[in-house]
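Breakdown of the fold
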Amino acid sequence: MAILQIREAINQAIAEEMERDPGVFIMGEEVAQYNGAYKVTQGLWKRFGDKRVIDTPITEAGFAGIGIGAALAGIGVRPIVEMMTWNFAILAFDQIINHAAKARYMSGGQFKVPIVFRGPNGPAHMLSAQHSQALESMMAHVPGLIVMTPSTPYDAKGMLKTAIRDDNPVIFMESELMYGIKGEVPEEEYLIPIGKGDIKREGTDVTIIAWTKMVAVALKAAAELEKEGINAEVIDPRTLRPLDEDMIINSVKKTNRVVIVEDSWPFASVGTEIAFRIHTKAFDYLDAPVEKINSADVPMPYAENLENESIPSPGKVIAAVKKVLYR
Amino acid sequence: MAILQIREAINQAIAEEMERDPGVFIMGEEVAQYNGAYKVTQGLWKRFGDKRVIDTPITEAGFAGIGIGAALAGIGVRPIVEMMTWNFAILAFDQIINHAAKARYMSGGQFKVPIVFRGPNGPAHMLSAQHSQALESMMAHVPGLIVMTPSTPYDAKGMLKTAIRDDNPVIFMESELMYGIKGEVPEEEYLIPIGKGDIKREGTDVTIIAWTKMVAVALKAAAELEKEGINAEVIDPRTLRPLDEDMIINSVKKTNRVVIVEDSWPFASVGTEIAFRIHTKAFDYLDAPVEKINSADVPMPYAENLENESIPSPGKVIAAVKKVLYR
Amino acid sequence: MMMKKEKSHTNKPQPRWADLGLTNEQLIKMYRDMLAIRRFEERAAQEYGKGKIGGFCHLYIGQEATGVGAIAALRDDDFIYTAYRDHGQALARGMSMKECMAELFGKATGCSKGMGGSMHFYDISKGFMGGWGIVGGHPPLAAGTAFATKYQGRDSVTVCFLGEAATNQGVFHETLNMAELWKLPVIFICENNGYGMGTAISRAMAGENLYDKAAGYLMNRGAVNGMDVIEMYREMKKAIHLARTEFKPTFLEARTYRYRGHSMSDPGQYRTKEEIEEYKKRDPVETFPKELIQWGILTEADIEKMDEDIRAEVQEAVEFADASPQPPLEQLYEYVYV
Amino acid sequence: MMMKKEKSHTNKPQPRWADLGLTNEQLIKMYRDMLAIRRFEERAAQEYGKGKIGGFCHLYIGQEATGVGAIAALRDDDFIYTAYRDHGQALARGMSMKECMAELFGKATGCSKGMGGSMHFYDISKGFMGGWGIVGGHPPLAAGTAFATKYQGRDSVTVCFLGEAATNQGVFHETLNMAELWKLPVIFICENNGYGMGTAISRAMAGENLYDKAAGYLMNRGAVNGMDVIEMYREMKKAIHLARTEFKPTFLEARTYRYRGHSMSDPGQYRTKEEIEEYKKRDPVETFPKELIQWGILTEADIEKMDEDIRAEVQEAVEFADASPQPPLEQLYEYVYV
Ligand SMILES: Cc1ncc(C[n+]2csc(CCOP(=O)(O)OP(=O)(O)O)c2C)c(N)n1
Ligand SMILES: Cc1ncc(C[n+]2csc(CCOP(=O)(O)OP(=O)(O)O)c2C)c(N)n1
Ligand SMILES: [Mg+2]
Ligand SMILES: [Mg+2]
């Protein structure tokens, strides 16, 4: 198997789907001639040309809407819209929430909306308040949207290929800091279904639930805990909407203890939703209330020491695990 | 005490604050010459004139930003920005989330942001998907914002006056269907503090938590339950961010059973957050997992029967109460 | 001007549409469509009053010539987007009164299966792409559909109707820029009826000419008398030619007027009786048939008959809508995802 | 043109700024400010390389004349908004190198207490309102501050610097419309450096002249050579007069250039060496002092001394930033709410 960076795995997924289906194209800021602000679209413009790899003006709402309208046409066009970061996608929320997520429903099922909105999400490093937001909770709140958040090169490729082929609007959230992370990716084609989570580490004593960047944090914590004889299971829902509730509940039934790690704000977050489902659907299996680690409930500061204080770390996860284990 | 409609109570709050402070003005679509799409600003233009009651073009992002910039000037201007409905405010989310909520933090505390964004939120009647969204969960997710949701004329007036005087950006969410609701409002001035909830009905057997429109639904259910000998307590947080956690936890400690009613979507909602806090902070006091009633997890349909099927009703609340009571 | 048709061989007077190559059938259909829209909506207003129709209901009455003239110039494989004031354009595109009235009644037989209501009519099999409720939200969608047809090597054009107040929304400008930059075959028909809800255009828009909003982009642009179905058709033909053959977008300001309030709940007190009467003098449903009679294309009798047929059709539509079932409750959870 | 100053009483040649009523002190300050920005940022680039500065860092090098010329024309009670490329304007407004360098270093002594970093400089006591990172997000804020000063009966003006690519954002158009409609004393200085990140303006914008984006609103508009501090000052004086006395907004396109990449992480391979060299020939930091010498306002020696002083000031600023403490951890939760 090849060892790829996440950025390369995403690039492969896009390239393969563009090869497979001439209706697939990608548009966004700097995706073509610049090869992507984070080099995710490296080489695509050279390979597929102006028609299918399109640099846009800085108009998130406008090109998001153009992508949606292209998908609505129903003539085999499947847009991939890159948001340079999800912070900027907020300008396109009206198009995504009021239009993409509702077209099929309002039309009584006439429209399909085969479009993927993808780009990095969540804090990177010292980018401060306007560039460090993890917005998956806002997107996952909205019926009509699918929300996917890969954490490995393998997942990123298989999930994105599925997202591109899906006929619903898919919110695909990556992470600047993860683009360089390497992992094995098979040569042969594979797809990862929407709504299917993955157990990243088998364990028995506690369930740590995390996605994207936070999976690595959870695994680091698990490795540390191992040394102390605590055997943590790390599970990654991969798709946040719809959630793989079965995987989550089954793990909880096994471990009876849960820590959720996410780098979004804590209030009414996806982690809150997961905790709620566990508390209501596995109430009798819980030996302790679910613990949740988030970025601090503040806009992200610039200063390095403050940012580190804000975001989840293996140390914070370990402390939470010990708390639910009453150690 | 005078009996006022909520629309009149809000109107009074705005008028009194405009009288009190010449720096207070209101802008929005149709707020002036048309007296407001829902007549909330009735008479204000006649009384205060063009300078302080301003009709805007249909440019939610633009006039939200102009309001924010006026507040940032720091020269005693306190804008009230009316959103004809919160569905349209999604177009202004970049201004509200990326600018209003972050200006103070990014500037190291230099800015104050004395602005109120107000308007009706949530489903009304047969307005279908693009006009029926309850968006408080998205707003409450964001640190830097305060979110207030009144349910009575008394609360609406006292809370709005506080919001207008506050130096933080306040998201003030009303409801079309509630504007006509009547209630007692004292002649003399009063203020209701941010973050202070209210017990709308004392009870002992179960706690029903609701805000805005849902308070009336909860009270209807409570009255029905009374007949069956079930004594429900109905509490209204009034402010969703910051939450009056003490009031909630104390009520739960008394009743040991909770039903939350909200007309937003269920996934990662404010109700989910409240349930999470109860599950984690009153775990040992709960005799049953928290039940939550929401609008269906779908875009709102137009057909009357489907809309009724979607939104919370006293019947659904009663069923949930019986479930947590194991009746 | 009144004149008799003569049988002389000397070059006889020509109707003003002579150069457009319109058949009598086409001319008659234009009139019939305008009349049908008028009657359909007059009845819809009554049914709204009876509580048969819920939510917001925005009538097109007064603007019929704009939609009918523009849509008459389109091909079946072209696409149409509009806002919430969508009944007229839906009917002009050939959607049935039955499915439209049923949608207003919130019935399973509606053109959107009762999921959309008045603001959200759709029949994508006819290229009628709706029916959108966020002011200024649909123009990028229309540009996107134009992008898609060009991408797929088709020569379809996409028409986007929007109100004049919607042109103040920023995303519309983003769309104009990309439409011109990328040469998208989209035609923006701005129905300038003078008001956005209760706000006169002059109170919401800086500048002189609405169509100059497209000036900075050097986009093909202009204004047309939207109360004149023939002029609408003429200008649209030009714009369509540019879009179909050169992928050139157009911004066309159609100067028109709505006789009723913004929606059923609006008494419309911000306008004078005089102003409304002025426009009614130019009512296309009144003036156009006179021309058709004058040129011997229709007789008074034809017109009376036509009106009767239409009223009967409207009656049938109401009965159909009334008799139709509400959507099944399971439908609440359908159509969220494919 | 080169010429010696003469002591004759016949009408002697005048410097091109003679009509502007600028004192020598003012002219010297303009040059010093440009040089100070240049040196400050050259050092910032080095410190970024050393890892002392984090996040995104956008240099103003090449555009100094735009900010300095514009800000020199302002009064202390005027307001300034800009985007993330904000070091130059902050220094030109009189913010100290120490507080600016400390902010870049993420220290408690920074102009934003270490909360903002390179993109978010603020000193509202000087009317420097930042320092914003969302492209196109700050123009409405600037219009709002202009609204507020007018509302309070002041005659302050608000200046909004923005990049040319930012003018494609819809909210900018919404802002232009309201600024003209409501006659707000705001001046939009569009720093057209030819590129938005790696995208040349012609690939992102339809139309001919950037300033024609304001045409549809009939807003006062024009272009100026942004590489010429005197021309910037001259055009700004006119715009300020209109804003201060008649509340008339202006859209001013300043044609300028950035010598470095978009940000520290951008190699800038989308531009030719020739293009960059062309602009460097007009470098205001090189050409303006020649004029000052020519007119006997400064000597070569003055300039060397000035450069030494500035370098010393930069060195002090770096030492100050280095020695300053990081913000206390409790500060993480401060400043979220009042
Ligand atoms: C984004 C948004 N803001 C406000 C509204 C409320 N609204 C509906 S129609 C309308 C007026 C639009 O006027 P115009 O664009 O001229 O179209 P017309 O109604 O005249 O056909 C307003 C303010 C909305 N639906 N969407
Ligand atoms: C809404 C938004 N989209 C994208 C970005 C990423 N970005 C930052 S600067 C920039 C280019 C802006 O170019 P221009 O407006 O010309 O200003 P310049 O950098 O040339 O000074 C982009 C795309 C952003 N910060 N905000
Ligand atoms: Mg109108
Ligand atoms: Mg630029």
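Because the structure is predicted, anything quoted here is derived from the model rather than measured. (Residues numbered from 1 in each chain as written. Chains lettered and ligands numbered in written order. Predicted model: local features only at pLDDT ≥ 70, side-chain atom pairs only at ≥ 80, totals over all residues. Heavy atoms only, no water.)

1. Section: the packing of helix α6 (residues 170-181) of chain C against helix α6 (residues 170-181) of chain D
To keep things clear, this is the line we draw: Interaxial angle, 0 to 180 degrees, is taken between N-to-C directions of lines fitted to C-alpha atoms, where a helix line uses only the stretch in contact. A run of DSSP states H or I qualifies as a helix once it reaches four residues; a run of E qualifies as a strand once it reaches two. Both are numbered from the N-terminal end. For a crossing to be left-handed, the near helix must be turned anticlockwise from the far one by less than a right angle; the clockwise case is right-handed. Throughout, a residue-residue contact means that at least one pair of heavy atoms, one from each residue, lies within 4.5 Å. Each residue receives one of three labels: charged for Asp, Glu, Lys and Arg, nonpolar for Ala, Val, Leu, Ile, Met, Phe, Trp, Tyr, Cys and Pro, and polar for the others, Gly being one of them.
Running from amino to carboxyl end, α6(C) crosses α6(D) at an angle of 120°, the nearest separation of the two axes being 7 Å. For the pair α6(C) and α6(D), the sense of crossing is right-handed. Facing C:G170, C:V171, C:H173 and C:E174 of α6(C), the residues of α6(D) in contact are D:G170, D:V171, D:H173 and D:E174. Class assignment of the residues belonging to the contact of α6(C) with α6(D) gives a composition of two nonpolar, four polar and two charged.

2. Notes on helix α1 (residues 6-20) of chain A
The condition that has to hold: Here the expected length of a helix is defined as 1.5 Å per residue gap, with one fewer gap than residues. Burial classification: accessible surface area is computed with a 1.4 Å probe over protein chains only, and a residue below 20% of its type maximum counts as buried, one above 50% as exposed, and the rest as partly exposed.
Taking 1.5 Å per residue as the helical rise, α1(A) with its 15 residues ought to reach 21 Å, and the 21 Å between its terminal C-alpha atoms agrees with that figure. When we look at burial in α1(A), the residues that qualify are A:I6, A:A9, A:I10, A:N11, A:A13, A:I14, A:A15, A:E17 and A:M18.

3. Regarding the coordination of the magnesium ion (ligand 4)
Residue and element names in this part refer to chain D. Quick note on the threshold: Coordinating donors are taken as N, O and S atoms within 2.8 Å of the metal, stretched to 3.2 Å for Na, K and Ca; because water is absent from the atoms, sites can appear incomplete.
With distances of 2.1 to 2.2 Å, the protein atoms coordinating the magnesium ion (ligand 4) are E164 (OE), N193 (OD1) and Y195 (O). Each donor residue of the magnesium ion (ligand 4) lies on the same chain, and together they follow the pattern E-x28-N-x1-Y. With E164 in the loop between β3 (158-163) and α6 and Y195 in strand β5 (residues 195-196), this pair connects stretches of sequence that are 31 residues apart.

4. What to know about the interface of chain B and chain A
Frequently, the measure chosen for interface size is the accessible area that the parts lose on association. The condition that has to hold: Accessible area that two parts lose when put together, evaluated with a 1.4 Å probe and summed over both, is termed the buried area. Any carboxyl oxygen of Asp or Glu within 4 Å of a side-chain nitrogen of Lys or Arg constitutes a salt bridge here. Polar contact criterion, stated in full: a pair of N or O atoms within 3.5 Å, where within protein one must be able to donate a hydrogen and the other to accept it, and residues adjacent in sequence count only if both atoms are side-chain atoms.
Taken together, the contacts link 50 residues of chain B with 50 residues of chain A. Regarding the contact of chain B and chain A, the summed buried area is about 4,500 Å², with carbon and sulfur atoms giving 72% of it. Among the residues of chain B in contact with chain A, B:Y105, B:H141 and B:F267 are the three that bury the most area, contributing 19% of the side total. Taken together, the links from chain B to chain A amount to two salt bridges. Note that B:D297 is salt-bridged to A:R241, the shortest N-O span being 2.6 Å. Linking chain B with chain A are 14 residue pairs in polar contact (both at pLDDT 80 or more), by the criterion used here. Of all the elements in the fold, those that place two or more residues in the side of chain B that touches chain A are α5 (93-100), α6 (103-106), α7 (136-140), β12 (239-241) and α11 (270-281) of chain B. The leading source of residues in the side of chain B that touches chain A is α11(B), at eight residues.

5. What to know about the coordination of the magnesium ion (ligand 3)
Residues and elements named next belong to chain C. Bound to the magnesium ion (ligand 3) are the protein donor atoms E164 (OE), N193 (OD1) and Y195 (O), situated 2.1 to 2.2 Å from the metal. Positions of the donor residues of the magnesium ion (ligand 3) along the chain correspond to the pattern E-x28-N-x1-Y. The buried category is assigned to Y195, whose relative accessible area is 12%.

6. Thoughts on unusual backbone geometry
Here B:R241 and B:P242 are connected by a cis peptide whose omega angle stands at 0°. In this structure, C:G131 follows C:G130 across a cis peptide bond, with omega equal to 20°. On the secondary structure map, C:G131 appears in strand β2 (residues 128-131). Its identity as a non-glycine residue notwithstanding, A:S128 has a phi of 65°, on the positive side. Mapped onto the elements of the fold, A:S128 is located in the loop between β5 (116-120) and α7 (136-140). Judged by its relative accessible area of 1%, A:S128 falls in the buried class. With a phi close to 65°, B:N256 is a non-glycine residue in the positive phi region. Its location among the elements puts B:N256 in the loop between α10 (245-255) and β13 (258-261).

7. Re the relation of the copies chain B and chain A
Both copies of the chain are related through a single rotation about an axis accompanied by a shift along the same axis. Our working rule: All copies are superposed by least squares; the fitting set is the C-alpha atoms of residues with a pLDDT of at least 70 in both.
Between chain B and chain A, which share one sequence, the superposing operator has a rotation angle of 180° and an axial displacement of 0.0 Å; the RMSD is 0.0 Å. Such a turn and shift between the copies fits a two-fold axis. Across chain B, the smallest distance between a C-alpha and the rotation axis is recorded for B:A268, namely 2.5 Å. Taken as a fraction of all interface residues of chain B, those also at the interface in chain A reach 100%, which identifies the copy contact as same-surface.

8. Let's talk about the sheet that holds strand β4 (residues 78-82) of chain A
Residues and elements named next belong to chain A. Heads up, the rule is: When DSSP finds two or more bridges between a pair of strands, those strands are recorded as paired.
Read across the open sheet, the seven strands follow the order β3-β2-β4-β5-β7-β6-β12; overall the sheet is mixed. Taken across any chain shown, the strands that pair with only one partner, and hence form the sheet edges, are β3 (53-55) and β12 (239-241). Neighbour to neighbour, the strand axes of the sheet diverge by 20° on average, direction disregarded. Bridge analysis of β4 against β5 gives three bridges, and the strand direction is parallel. For V81, the partnering residue across the bridge sits in β5 and is F117. In the packing of α1 onto the sheet, the strands contacted are β2 (24-28), β3, β4, β5 and β7 (170-174), and the crossing angle to β2 comes to about 135°. Most of the contacts of helix α8 (residues 153-165) go to β7, to which it runs at about 160°, and overall it touches β2, β4, β5, β6 (146-148) and β7.

9. Observations concerning the confidence of the model for chain C
All names here are of chain C. Note the threshold: A score from 0 to 100, pLDDT tells how confident the predictor is in each residue.
When pLDDT is averaged across chain C, the result is 96; 97% of the residues are at 70 or more. Here helix α9 (residues 273-281) is the element of chain C with the lowest mean pLDDT, 94, and strand β1 (residues 79-82) is the one with the highest, 99. A low-confidence stretch, residues 1-6 (pLDDT under 50), is modelled with eight contacts involving residues beyond four sequence positions or located in other chains. Across the interfaces of the predicted complex, the ipTM metric reaches 0.97, alongside a pTM of 0.98.

10. Topic: the site of ligand 1
Rules: Being near a molecule or strand, for a residue, means having at least one of its heavy atoms within 4 Å of it. In these tables, accessible area is a Shrake-Rupley quantity obtained with a 1.4 Å probe, and a residue counts as shielded only by the protein chains included in the view.
Taken together, 22 residues lie near ligand 1, and B:E60, C:Y84, C:R85, C:G133 and C:N193 sit nearest. Each of chains B and C places residues near ligand 1. Take B:E60: an N or O atom from its side chain is 2.6 Å from a nitrogen atom of ligand 1. C:A165 places a polar main-chain atom, nitrogen or oxygen, 3.1 Å from an oxygen atom of ligand 1. Considered on its own, ligand 1 offers 580 Å² of accessible surface; in the complex 96% of this is hidden by protein. For the shell around ligand 1, the per-class residue count stands at eleven nonpolar, seven polar and four charged.

11. Some details on the site of ligand 2
For ligand 2, the set of nearby residues contains 22 residues, the closest of which are A:E60, D:Y84, D:R85, D:G133 and D:N193. Near ligand 2, the surrounding residues are drawn from chains A and D. A distance of 3.0 Å separates a nitrogen atom of ligand 2 from a polar atom in the backbone of D:V135. Coverage of ligand 2 by the protein chains reaches 96% of its 580 Å² of free accessible surface. Along the lines of polarity and charge, the residues of the shell around ligand 2 split into eleven nonpolar, seven polar and four charged.

12. Considerations on the packing of helix α9 (residues 213-227) of chain B against helix α13 (residues 314-324) of chain B
Residue and element names in this part refer to chain B. Selection rule: Each angle receives one of four descriptions, namely roughly parallel if under 35 degrees, roughly antiparallel if over 145, roughly perpendicular if within 65 to 115, and oblique otherwise.
Across the interface, α9 lies against α13 with an axial gap of 8 Å and an inter-helix angle of 60°. What the angle tells us is that α9 and α13 run oblique. Handedness of the crossing formed by α9 with α13: right-handed. On the side of α9, the interface is formed by V217, K220, A221, E224 and L225, while α13 contributes P314, V317, I318 and V321. Looking at side-chain class alone, the contact of α9 with α13 contains seven nonpolar, no polar and two charged residues.

13. Structural notes on the environment of B:P169
Residues and elements named next belong to chain B. Here P169 lies in the loop between α8 (153-165) and β7 (170-174). As a C-alpha pair, P169 and L145 span 24 residues in sequence and 5.6 Å in three-dimensional space. Those residues in contact with P169 that lie beyond four places of it in its chain are A100, A101, V113, I115, G144, L145 and I146.

14. Structural notes on the interface of chain B and chain C
On the side of chain C, 37 residues touch chain B, which itself brings 31 residues to the contact. When residues of chain B are sorted by the area they lose upon contact with chain C, B:I58, B:Q130 and B:Y302 head the list and together hold 23% of the total. Our enumeration of links across chain B and chain C arrives at one salt bridge. B:D55 is the partner of C:R203 in a salt bridge, and the nearest nitrogen-oxygen pair spans 2.9 Å. At the surface where chain B touches chain C, the tally comes to 14 residue pairs in polar contact (both at pLDDT 80 or more). No other element matches the five residues that helix α12 (residues 304-310) of chain B contributes to the side of chain B that touches chain C. Here the residues of the side of chain B that touches chain C sort into 18 nonpolar, eight polar and five charged.

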